[in-house]
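Given next are the chains, with one letter for each unit.
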Amino acid sequence: MTRTLSNRITTLTPGGSDGWEVFYRARQMAEAGEDVIELTIGEHDIRTAPDILSAMHDAARGGHTGYAAVPGTTALRDTVAARIADRTGVPTTRDNILVTAGGQAGLFAAQHAVCDEGDRALFIDPYYTTYPGTIRGVGALPVPVLARPEQGFQPNRADIEAAAHGAKSLLINTPNNPTGAVYSRATLEGIAAACAAHDLWLISDEVYDTQVWEGDHLSPRALPDMADRTLVVGSMSKSHAMTGSRVGWVCGPEEVIDHLLNLATHTTYGVPGYIQDAAVFALNQGVAAEEKVAAPFRRRRAIAHDLLARQNTVRAAPAQGAMYVMLDIRATGLSGSEFAHRLLDEAGIAVMPGDSFGAGGAGHVRVAMTVEDAAFEAAMTRLLDFAATVRG
Ligand code: PMP
């Protein structure tokens, strides 16, 4: 064939082993009828609340099924802006908001807004799996900056600055997937200082902002002089169990949002109006609705905490937020991937090897707290027993 595909698309993900073998194998085993507990992907075990679905239904029946305004409906942009202003104290209006097809499209848009072909784009490792592909997708070069387990997976200014020469942007995520870290004020101030010193754009993925178990979520956009250089990515997926609705946003300086409107025009041409109406309804239910969605993870995190305290083989990274616990399994002598494969074969439990989230996750496995409490407790117990047996 003489026609070739674009380098951009064929190299979007590097191919080969991607660390997801355990996940695929667990799915196959489950489909073959084997008893497997899947603690792999970040999706709630509850579905979108019926009242949100009713709002969606009413909006669709009411006729909101045509093209919706490309940057998002005025109602949703206003509601998101008010929520952000309220929670961060940073003046925010609809002109700072672009509604996107989930946080993922927001991440892609944000990289598009700030990176040119060949630019260096920093991100913190361990990282959410799509990050490097999102950066490559705009032709930029992904550059990982390690966050260390011995520092609770909080990235530090010196490491960022060491990688920042000639870089254009830095992507961070707090509360963090996969590590569960919630960045402290000191961490975020270090990040802000590094951004100022190297004139970086900061892309702040805050899709887990309603799932905080310890400390407080602080948006770096609220730090002094950061609003002009920060693009916040948000989403209804995690906060309202609306993963399949594909609705999120980018919040940033007006000028950036103006340009991103053009990107939306040429890619998605907006997000369905009835979904946006449902998002407005959901956000108007306030914090109580968010807490209801977060509550199961808060409970399971407490369960994990109790079980972990009764043994000394596996150590937990501080699970401060998000729907995961990151476990340090180095005392077993196994790599994360060996541990995960053997745990699947010998105990029927599927977890993600830490290094599927980058080199920084080595020696760890990520446990998604996404099955009901009793099954979660049983799975964690089996996991810890397995670890103790391997250690001998
Ligand atoms: N960021 C992080 C850290 C995530 O874990 C996810 C989903 N797992 C996303 C962004 C994207 O979520 P969505 O597109 O559903 O908003």
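Predicted model only: the values in this text are computed from it and were never measured.

Participant: What exactly am I supposed to notice about the UniProt feature "domain: Aminotransferase class I/classII large" (unreviewed entry) in the chain here?
Facilitator: The UniProt record marks residues 35-383 with the feature "domain: Aminotransferase class I/classII large" (unreviewed entry), using the residue numbering of this structure. Secondary structure content for residues 35-383 is 40% helix and 16% strand, and the end C-alpha separation is 15 Å.

Participant: Any chance you could explain the packing of helix α5 (residues 102-114) against helix α9 (residues 254-266) here in plain terms?
Facilitator: A pair of packed helices is characterised by two quantities: the angle between their axes and the separation of those axes. Put simply, α5 and α9 touch, their axes get as near as 10 Å, and they point 115° apart. Judged by the inter-axis angle, α5 sits roughly perpendicular to α9. Here α5 and α9 pass one another in a crossing that is right-handed. Between α5 and α9, the residues in contact are Ala109, His112 and Ala113 and Val256, Leu260 and Leu263, respectively. In terms of residue class, the contact of α5 with α9 is made up of 5 nonpolar, 1 polar and no charged.

Participant: For this particular structure, what's the right way to read the pairing of strand β7 (residues 230-235)?
Facilitator: Here is the key point about a regular strand: its side chains alternate between the two faces of the sheet. By the criterion of burial, β7 is predominantly enclosed, with 6 of the 6 residues buried. With burial as the criterion, each face of β7 is covered, one bearing Thr230, Val232 and Gly234 and the other bearing Leu231, Val233 and Ser235. Looking at chain direction, strand β6 (residues 201-205) and β7 are connected through 4 bridges and run parallel. The residue of β7 that forms the bridge with Leu202 is Thr230. Pairing geometry for β7 and strand β8 (residues 248-251), over 4 bridges, is antiparallel. Paired with Gly234 across the two strands is Trp249, which belongs to β8.

Participant: Help me out: how do you make sense of the side chain of Thr313 in this one?
Facilitator: Residue placement: Thr313 occurs in the loop between α11 (286-309) and β9 (315-316). A polar side-chain atom of Thr313 sits 3.4 Å from a polar atom in the side chain of Arg391. Other than its neighbours up to four places away in sequence, Thr313 contacts Asp328, Ala331, Thr332, Ala387, Ala388 and Arg391.

Participant: Would you mind going over the environment of Ala163 with me for this structure?
Facilitator: Structurally, the position occupied by Ala163 is in helix α7 (residues 157-163). Residue contacts for Ala163: discarding those within four places in its chain leaves Arg120, Leu122, Val143 and Val145.

Participant: Help me understand the sheet that holds strand β3 (residues 120-125), please; the structure alone is not making it clear to me.
Facilitator: Within a sheet, adjacent strands bond to each other through the backbone by hydrogen bonds, running parallel or antiparallel. Pairing is mixed in the open sheet, where 7 strands are placed in the order β2-β8-β7-β6-β5-β3-β4. The open sheet terminates on both sides in strands that have one partner only, identified here as β2 (97-100) and β4 (141-146). The sheet shows a mean angle of 20° between the axes of neighbouring strands, taken without regard to direction. Of the pairings in the sheet, the one linking strand β5 (residues 167-173) to β6 comprises 5 bridges and is parallel in character. Among the inter-strand pairings, Ser169 is bridged to a residue of β6, identified as Trp201. Against the sheet, helix α8 (residues 185-198) engages β5 and β6, with an angle of about 165° to β5. With respect to the sheet, α9 is in contact with β2, β6, β7 and β8, its orientation differing from that of β2 by roughly 25°.

Participant: What exactly am I supposed to notice about the packing of helix α2 (residues 21-31) against helix α12 (residues 336-347) here?
Facilitator: Direction vectors running N to C along α2 and α12 enclose 10°, while the axes themselves pass 10 Å from each other. It follows from the interaxial angle that α2 and α12 lie roughly parallel. From α2, Glu21, Val22, Arg25, Ala26 and Met29 reach across to α12, where they touch Ala340, His341, Leu344 and Asp345. Residues that form the contact of α2 with α12 fall into these classes: 5 nonpolar, 1 polar and 3 charged.

Rules of the game
Residues numbered from 1 in each chain as written. Predicted model: local features only at pLDDT ≥ 70, side-chain atom pairs only at ≥ 80, totals over all residues. Heavy atoms only, no water. UniProt positions renumbered as here; feature names shortened; annotations may be inferred. Helix = DSSP H or I, 4+ residues; strand = E, 2+ residues; numbered from the N terminus. Axes fitted to C-alpha atoms, helices over the stretch in contact; angles between N-to-C directions. Parallel < 35°, antiparallel > 145°, perpendicular 65-115°, else oblique. Left-handed = near helix turned anticlockwise from the far one by under 90°. Contact = heavy atoms within 4.5 Å. Nonpolar A, V, L, I, M, F, W, Y, C, P; charged D, E, K, R; others polar. Buried < 20%, exposed > 50% of the residue type's maximum accessible area, 1.4 Å probe, protein only. Pairing = 2+ DSSP bridges. Polar contact = N/O pair within 3.5 Å; in protein donor to acceptor, adjacent residues only side chain to side chain.

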